[in-house]
Amino acid sequence: MEERIAQLLEEIKQFTDDAEQFRLKYLSRKGILSGLFEELKRIPAERKKEMGRQLNILKRTAEQHWEMLKNARAGTHSEAEGAPDLTLPPVRHTTGNLHPLTLTRLRIIEIFERLGFSVADGPEIEDDWHNFTALNFPVNHPAREMQDTFFIEKKQDEQGNNRDILLRTHTSNVQIRLLEEKKPPVRVIMPGRVYRNEAISARAHCFFHQVEGLYVDYNVGFADLKQTLYHFAREMFGPDTQIRLRPSFFPFTEPSAEIDISCLICKGKGCSVCKHTGWVEIAGSGMVHPNVLRNCGVDPEVFTGFAFGMGIERVTMLKYRIGDLRLFSENDVRFLRQFHTVIQ
Ligand code: PHE
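Quick notes on the rules
Residues numbered from 1 in each chain as written. Predicted model: local features only at pLDDT ≥ 70, side-chain atom pairs only at ≥ 80, totals over all residues. Heavy atoms only, no water. Near = heavy atom within 4 Å. Areas by Shrake-Rupley, 256 points an atom, 1.4 Å probe, with all protein chains shown as cover. Helix = DSSP H or I, 4+ residues; strand = E, 2+ residues; numbered from the N terminus. Nonpolar A, V, L, I, M, F, W, Y, C, P; charged D, E, K, R; others polar. Pairing = 2+ DSSP bridges. Axes fitted to C-alpha atoms, helices over the stretch in contact; angles between N-to-C directions. Phe/Tyr/Trp six-rings, centres within 6.5 Å; stacked < 30°, edge-to-face > 60°. Lys NZ or Arg CZ within 6 Å of the ring centre and 35° of its normal. Domains from an automatic or database assignment. Core = buried A, V, L, I, M, F, W, Y, C linked by side-chain atoms within 4.5 Å. Buried < 20%, exposed > 50% of the residue type's maximum accessible area, 1.4 Å probe, protein only. Salt bridge = Lys/Arg side-chain N within 4 Å of Asp/Glu carboxyl O.

Attention now goes to the site of the ligand. Looking at the ligand, there are 14 residues lining it, with H170, S172, R196, Q210 and G309 nearest. For the ligand, whose unbound accessible area comes to 330 Å², protein coverage reaches 90%. Those elements that place two or more of their residues in the shell around the ligand are β6 (207-217), β9 (279-288) and β10 (304-311). With 3 residues, the single largest contributor to the shell around the ligand is β10. Of the residues that constitute the shell around the ligand, the class distribution is 4 nonpolar, 8 polar and 2 charged.

Spelled out as structure tokens, the structure:
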């Protein structure tokens, strides 16, 4: 038996085949080693101890060898395989990177957090009250129509009130949710995804992202809105950026203004991005309408506020000069990887 053990010790070390074959041959229940342990029972008592010791050594050696074979298969080099081939090309370690829209969102949050804004979010599946009615949309306002809104359920309650369920068309719903919960002062930005029933093209998509801003307190005025957005534009796009406010209309703000920034691409001279005007729109804004405050239980005689809603895609396209909105949702890594080294 001693001889057999010695011979097996050698044989095992030479074994370079598949780990599973090794296990079957030597270590399984019907393998060579368990045969030897069977034989051990019949060995005379005086030699049994020594033989048992040697057999255990053999078993341990076999188990170690089996481990090594398994590791070799998992890709680590083993003696059995010989030295690693240093001429092989190395395995490339690639790290992921943040999506450009995420980079922009984080940067926007950073800028507003420094002005004392906190961050909140709200549901994408919303009811008519929070998306429209509380925001002072008249009953037959065109924005409620089918061509703009994705409705999930059209409903009315017994009193005839509109109880529609829909995909939110803007982040302004969070203004309402917030003011219903929390009394002023509030100074919050609310990033999120919104949905509109539009044909997909380079300039429009059926879903996109906005950041809503809301500041309600004593004595908040239009100058605060203007200065806040001016500060934002310079932080985001550089110190030379100009802003322009154009009179506009939203049911939930009065007065309302569209915010343009000077075109970064042509520096205001006129190009295709700014449609030769020198200006590009980035946000809608205005002073919160008294009806909106009232709908949330806030007294408009005591508090005033401003709100704005900014398109994250729009800001990203301007900042990184991206010409097609569809690139953001196609997940082409050749596009996404370009933002790998972007340091904010
Ligand atoms: N909700 C508006 C939109 O989606 C933007 C906006 C937000 C305008 C807040 C004014 C105030 O177009």
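Read from one edge of the open sheet, 7 strands run β1-β5-β6-β10-β9-β8-β7, paired in mixed fashion. Unpaired on one side and paired on the other, β1 (118-119) and β7 (243-250) mark the two borders of the sheet. The pairing of β9 with β10 spans 5 bridges and is antiparallel. Paired with S285 across the two strands is F308, which belongs to β10.

Further remarks concern the sheet that holds strand β3 (residues 151-153). Read from one edge to the other, the open sheet built from 3 strands follows the order β2-β4-β3, with strand pairing classed as antiparallel. Edge strands, defined here as strands with exactly one partner in the open sheet, are β2 (125-127) and β3. If you compare each strand with its neighbour and ignore which way they point, the axes differ by 35 degrees on average.

Turning our eyes to something else, we now look at the packing of aromatic side chains. Inspection of the entire model under this criterion finds 16 aromatic pairs. Summarising the aromatic geometry, the rings of F22 and Y26 are spaced 4.9 Å apart at their centres and angled 45 degrees between planes, so their arrangement reads as tilted. One end of the pair is F22 and the other is Y26, both in helix α2 (residues 19-27) and 4 residues apart, which spans about a single turn. An aromatic cluster is present here, built from F112, F117, Y215, F232, F306 and F308 joined pairwise through their rings. Here K154 stacks its cationic end above the ring of F151, 4.1 Å away from the centre of that ring. The lysine or arginine in question, R193, covers the ring of F207, its NZ or CZ lying 4.4 Å from the ring centre.

This paragraph deals with the domain arrangement of the protein. Its domain assignment divides the protein into domain 1 (2-81) and domain 2 (100-342). Computed from C-alpha atoms alone, the centre-to-centre distance between domain 1 and domain 2 is 71 Å.

Turning our eyes to something else, we now look at the nonpolar core. Among the nonpolar cores identified, the biggest contains 43 residues, and I108, F112, F232, I261, I282, F306 and M310 are the most heavily contacted of them. Taken together, the elements giving at least two residues each to this core come down to α5 (100-113), β6, α8 (222-237), β8 (253-262), β9, β10, α10 (312-320) and α12 (333-336). Ranked by size, the runner-up nonpolar core spans 24 residues in total, among them F132, L135, L179 and F252.

Next up on the list: the pattern of salt bridges. Taken as a whole, this structure holds 19 salt bridges when the rule is applied. Between K154 and D164 there is a salt bridge, with its nearest N and O atoms 3.3 Å apart. Linking K154 in the loop between β3 and β4 (165-167) with D164 in the loop between β3 and β4, this pair joins segments that are 10 residues apart in sequence. The partner of R244 in a salt bridge is D260, with the nearest N and O atoms 2.9 Å apart. Residue R244 is located in strand β7, and its partner D260 is located in strand β8; the two are separated by 16 residues in the primary sequence. Classification of R244 as partly exposed rests on a relative accessible area of 31%.

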